[in-house]
Amino acid sequence: MPLWAAMPVAGVAGLAMDAAFPALGWWPLAFVSVTLSLVTLIGRRSWGALLVGTVFGAAFWFPHVSWSAQFLGEHPLSWVPWVALAGALTIYTAVLTVPIALAYRWLPRRRNAFAMRLLALPLLVAGAWTIRELIMGSWPYGGFPWGRVAMSQSESPIAPVASWVGVSGLGFLMVAVCAAAIEAVRWIVRAQSARGNATEHPRTPLASWAASIPVLGLAAVMVLVPQFPTSHAGTIRVGAVQGNGPAAYVDEHEPGAVLESQLAASAPLEDEQVDIVLWPEGGVDSDPLADEATAHALDDAAARYDAPILLNAAAADGHLVYNTSFLWTSNGPTAAHAKRHPVPFGEYVPDRWFYGALVPSLVDLLEREYAAGVDTPAIEVDGVEVGLAICFDVAFDDVIHEGAHSGAQVLMFQTNNADFRDTDENLQQLAFARMRAIETGRSVVNLSTTGTSQVLAPNGATLAALAADEPGLMIADLELRDGLTAAVMLAQSINTLIVSGTLAGFLVLAFLLLRDRASSRHHRVLDSSQRSSIGLHECADAHRRERL
């Protein structure tokens, strides 16, 4: 495909990828997007791949994270976080697209055989795509694991595959299917063309169509595989409260207004019997460890509900401040967990001295500096182990898997989406929560300050929901589950295998390419030497003939 045609196709691919995620959530478009993106990279050199990757990245990331423009409210420079985030992700995507193009250039040079084109090449391409996601999800500043292709499939028939191979493993298989489909089509077209060429060995139609077997087989397995089984272990009754208070960073409100919103929405729980009350991230807008009035209000609330409250607030521990979830009883806190991955430029400013010099008016607006927690993301509630993830943490595999390994029988996610009201952000995050339910085989409560909040079954089905931008209460009996899924047990090993196998493949190809180039230079030198020798002999013969 010429570059002039590849660029608009890459743009369509990026837009299709965004549409595969909520709010639209047209998950089949993820396969369309990956396929179009890969087609634009076939035969492309590095600079061309960089340009095509930039177009794809921009078409995807700028609409996908457009919600970040709302973080600073009506500030005249509110567009800066959006452009900076989407721009950085676009550049990142473009640079890490080059290895995918190299896979298409290097591998077919070795041997244009069935196994190479229809098995090895799709796996190498899928590995390069997955490495791109893994790098972007871990560096810099802890990474931004948003927009992973597998997360678009939380409501698709292939979502159960994540319970076997994890989110990255599912993404790897999705890209492998798309790459194999492309190669199958190319193989069949070439085979049919060869049958019309008398100089080629004829192939039967059945033999050429056999190229579709790998992709069809893998696709069938992905559609038919059931969710990895976990075992029933009882129930826990939860009262989840969405207060809809003024919890955005730029909201102006009286001290304690968010807490009052939570208390008002929780009032019906005084006449209910629950095992635990769940409040969202930022549901308490003062440090309950430092503010005595807040602590008394929480003690009294826990006594009225006759149940502990799993709440969240910014709390100081010495000179550091953490985004902390507390299990609060009528006698005060009994357990706590601090957010593992505070949001860069949202909950702290990395390298503040540098970015402060670039945009001091914006950096100075963000006064909070939350430290990263190091404790286990799980707490015990009356003999039940509850796995936790605070907002951004839900996107990170390590937090979810560590909680499951710690014995979590149910997952409770606390989030604050008030900064991004009326955008796709909370729906994208809800899709992550749904995928985590499927991946771990655990019930999930995904609770927001402003919505939308949902209770999800271990298979990802919605059991209860609250509309966005209004207060509400969900009371649900959540099924507890025991046993670890294959994804939780093996995901890290699967990721390591994908990365190491892909890098090994590229190293082998690079070595063979360098060897071929050295051999080619050697042959050119020999040919030149031989021609020179022949020329000298011819001159000598001519000289002898002249003398005779």
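Above this text is the structure in question.
Rules behind the numbers
Residues numbered from 1 in each chain as written. Predicted model: local features only at pLDDT ≥ 70, side-chain atom pairs only at ≥ 80, totals over all residues. Heavy atoms only, no water. Helix = DSSP H or I, 4+ residues; strand = E, 2+ residues; numbered from the N terminus. Buried < 20%, exposed > 50% of the residue type's maximum accessible area, 1.4 Å probe, protein only. Contact = heavy atoms within 4.5 Å. Areas by Shrake-Rupley, 256 points an atom, 1.4 Å probe, with all protein chains shown as cover. Lys, Arg positive; Asp, Glu negative; His and termini not counted. Charge placed at Lys NZ, Arg CZ, Asp CG, Glu CD. Pairing = 2+ DSSP bridges. Axes fitted to C-alpha atoms, helices over the stretch in contact; angles between N-to-C directions. Core = buried A, V, L, I, M, F, W, Y, C linked by side-chain atoms within 4.5 Å. Salt bridge = Lys/Arg side-chain N within 4 Å of Asp/Glu carboxyl O. Phe/Tyr/Trp six-rings, centres within 6.5 Å; stacked < 30°, edge-to-face > 60°. Lys NZ or Arg CZ within 6 Å of the ring centre and 35° of its normal.

Student: In this structure, what is going on with the overall build of the protein? I would like to understand it.
Tutor: Counting its regular elements, the protein contains 16 helices and 13 strands. For the C-alpha atoms alone, the extent of the protein along its principal axes is close to 125 × 55 × 35 Å. A buried classification covers 52% of the 548 residues belonging to the protein. The long-range fraction of contacts in the protein, counting pairs at least 24 apart against all pairs at least 6 apart in sequence, stands at 72%. By element, 63% of the accessible surface of the protein is carried by carbon and sulfur atoms, the whole surface being about 24,000 Å². For the protein, the centre of its 32 positive side-chain charges and the centre of its 51 negative side-chain charges are spaced 29 Å apart.

Student: When you look at the sheet that holds strand 7 (residues 378-381) in this model, what are you seeing that I'm missing?
Tutor: Across a sheet, strands are paired by hydrogen bonds formed along the backbone, either parallel or antiparallel in direction. One open sheet holds the six strands; their spatial order is 7-8-9-10-11-12, and the pairing between them is mixed. On the outer flanks of this sheet lie strand 7 and strand 12 (462-466), each paired with one strand and no other. Going across the sheet, the axis of each strand differs from the next one's by a mean of 20°, ignoring polarity. The pairing of strand 10 (residues 444-448) with strand 11 (residues 453-456) spans three bridges and is antiparallel. By the bridge assignment, V444 is partnered in strand 11 with L456.

Student: Can you help me understand the nonpolar core in this one?
Tutor: As a rule of thumb, nonpolar side chains are buried together in soluble globular proteins. In this structure, L38, Y104, V125, W129 and L170 are the most contacted members of the largest nonpolar core, which totals 96 residues. No other element matches the 17 residues that helix 7 (residues 162-195) contributes to this core. Counting residues in hydrophobic clusters, the runner-up holds 22 residues, among them V238, L327, L447 and V455.

Student: Help me understand unusual backbone geometry, please; the structure alone is not making it clear to me.
Tutor: Excluding glycine, a negative phi dihedral is what most residues carry, and trans is how most peptide bonds are arranged. Each neighbour pair has its own omega, and for P22 with A23 the value is 15°, a cis peptide bond. Along the chain, A23 turns up in the loop between helix 1 (3-20) and helix 2 (29-39). A cis amide bond, omega -5°, links W139 with the succeeding residue P140. Positionally, P140 belongs in the loop between helix 6 (114-136) and helix 7. The phi dihedral of N244 falls on the positive side, at around 60°, and the residue is not glycine. By the secondary structure assignment, N244 is in the loop between strand 1 (231-242) and helix 10 (257-266). Positive phi outside glycine occurs at C391, with the angle close to 50°.

Student: What's the story with the pattern of salt bridges in this structure? I'm lost.
Tutor: Where charged atoms from two side chains of opposite charge approach closely, those side chains can pair. Summed over all chains, the structure comprises 14 salt bridges. The closest approach of N and O atoms between R117 and E183, which form a salt bridge, is 2.9 Å. Within this pair, whereas R117 is found in helix 6, its partner E183 is found in helix 7, the two being separated by 66 residues in sequence. A relative accessible area of 1% places E183 in the buried class. Ionic pairing is found between E402 and R340, a salt bridge with its closest N-O pair at 3.0 Å. With a gap of 62 residues between them, E402 in helix 14 (residues 397-405) and R340 in the loop between strand 5 (332-338) and helix 12 (352-358) connect regions that are remote in the sequence. Connected through salt bridges with shared partners, the residues R148, D397, R436 and E439 form a single ionic network.

Student: Before we go on, may I ask you to explain the packing of aromatic side chains in this structure?
Tutor: Inspection of every chain in the model, using the stated rule, returns 23 aromatic pairs. A centroid spacing of 5.7 Å and a plane angle of 70° characterise the contact between W353 and F354, whose relative ring orientation is edge-to-face. Residue class for W353 comes out exposed when judged on its relative accessible area of 67%. Within the aromatic cluster, the residues linked to one another by ring pairs are F21, F60, W61, W67, F71, F144, W146, Y249, F392, F396, F420 and F432. If you follow R132 out to its NZ or CZ, it ends over the ring of W129, 4.4 Å from the centre.

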